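# Structural features, examined
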Amino acid sequence: LLLLPLLALSTRGILPAWEFMWLFAFSLYFGCKWLTWRRAVRRNPQAGRWISIGYLLAWVGMDAGEFMRGRRKIAGLRAEEWIWPVARILIGVTLIWLVVRLFCGAHPLMAGWIGMIGVILCLHFGLFHLLALAWQRIGVDAQPIMRQPSRAVSLAEFWGRLWNAAFHFLAHDLVFRPLLRRIGTAGATFTVFLVSGLIHELLISLPARGGYGLPTMYFAIQGLGVIFERTSFAKRLGLGRGWRGWLFTMTCAAGPVFWLFHPIFVYNVILPMLRGIGAA
């Protein structure tokens, strides 16, 4: 978990910023994969070799214990479940290699955002979803890491269950649970968001060489929002349910998102990446 990111960090002055970003992201990802796999094998020494290889190399989630329980009977998949992720991939490809070109000259910041949205659609909502369906098809209960986050009626639901479930499993197991008895639910929750902010500093601000602190501020707002919506006052306001909860969630999650993917990151990392892959 420490060795791979340190090795990747040594390439910061050698690789272009966007290549360093991806290399550093993969180093953190595979370090966490190894850590979660090792913990799962300790709890279940009978886990098969092939299911371990599949988890390490062919699955993006961090739910090692659930994934490595092996094959089981899963309800049949409907045809439309395959259509939607394919459609998202096609939309993402269109955004990256067609729409970006329309804005790159006059509106580079917008072009960068369009490219980022396209990448997220292709990977998180497209390819990764198809991967989950493929595993389900052969009897492994691999759930998509993105689970319709736009329907969330609370920040707790958005970050805890619907957006990037891979990080939720990791953070809950390694950060939240060990801290829960020591500093309580609110303290453990806020710490999880601060850790998420630190990770995004490494993945966003470090490659961009600027904007330090902005991703951490973004996730601090999310943590405070989750803590607030659990208060009795927030419940009296109707937060955590219905349209009020949805509006509060989307405002908190999307409103300050420019602090997370700040302009320095877009100009120094995303736009060069789009040019590097021939999209701009």
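Keep in mind that what you see is a predicted model, and the values were worked out from it rather than measured.

Analysis parameters
Residues numbered from 1 in each chain as written. Predicted model: local features only at pLDDT ≥ 70, side-chain atom pairs only at ≥ 80, totals over all residues. Heavy atoms only, no water. Helix = DSSP H or I, 4+ residues; strand = E, 2+ residues; numbered from the N terminus. Rg over C-alpha atoms; globule rule 2.2 N^0.38 Å. Contact = heavy atoms within 4.5 Å. Areas by Shrake-Rupley, 256 points an atom, 1.4 Å probe, with all protein chains shown as cover. Patch = residues over 30% accessible without salt bridge, like charges linked within 9 Å, V, L, I, M, F, W, Y side chains within 5 Å. Salt bridge = Lys/Arg side-chain N within 4 Å of Asp/Glu carboxyl O. Core = buried A, V, L, I, M, F, W, Y, C linked by side-chain atoms within 4.5 Å. Buried < 20%, exposed > 50% of the residue type's maximum accessible area, 1.4 Å probe, protein only. Disulfide = S-S within 2.5 Å. Polar contact = N/O pair within 3.5 Å; in protein donor to acceptor, adjacent residues only side chain to side chain.

### Topic: the overall build of the protein chain
Check the secondary structure of the protein chain and you find 13 helices and zero strands. Compactness check: the protein chain gives a C-alpha radius of gyration of 20 Å against a globular reference of 19 Å for 280 residues, within 12% of the reference. Based on the C-alpha atoms only, the size of the protein chain along its principal axes is roughly 55 × 50 × 45 Å. Counting only contacts in the protein chain whose residues sit at least 6 apart along the sequence, the fraction spanning at least 24 positions is 65%. Taken as a whole, the protein chain presents about 15100 Å² of accessible surface, with 68% of it coming from carbon and sulfur.

### Some remarks on a nonpolar patch on the surface
A cluster of nonpolar side chains, contributed by Leu3, Leu4, Leu7, Phe26, Phe30, Trp50, Ile53 and Leu57, occupies part of the molecular surface with about 880 Å² of accessible area. At the level of secondary structure, the elements contributing two or more residues to the nonpolar patch comprise α1 (3-9), α2 (17-43) and α3 (49-58). Here Phe30 is to be found in helix α2.

### Side note on the environment of Leu127
With respect to the element layout, Leu127 can be found in helix α6 (residues 108-137). For the pair formed by Leu127 and Pro85, sequence separation is 42 residues and the distance between their alpha carbons is 7.0 Å. Ignoring anything within four residues of it in the chain, the contact list for Leu127 reads Ile89 and Cys122.

### Quick notes on the nonpolar core
Among the nonpolar cores identified, the biggest contains 39 residues, and Leu155, Trp159, Tyr218, Phe265 and Leu274 are the most heavily contacted of them. The element best represented in this core is helix α13 (residues 263-276), accounting for seven residues. If you look at the next biggest cluster of nonpolar residues, it comprises 21 residues, including Ile51, Phe128, Val140 and Ile145.

### Digging into the state of the cysteines
Applying the stated rule across the entire model yields zero disulfides. Unpaired in this structure, Cys104 has its nearest cysteine sulfur neighbour in Cys122, at a distance of 17 Å.

### Here we look at the side chain of Ser27
Its place among the elements puts Ser27 in helix α2. A residue is classified by how much of its surface remains accessible, and Ser27, at 7% relative accessible area, is buried. Reaching out from Ser27, the side chain makes a polar contact with the backbone oxygen of Phe24 at a distance of 2.6 Å. Residues in contact with Ser27, not counting those within four places in the same chain, are Leu4, Pro5 and Ala8.

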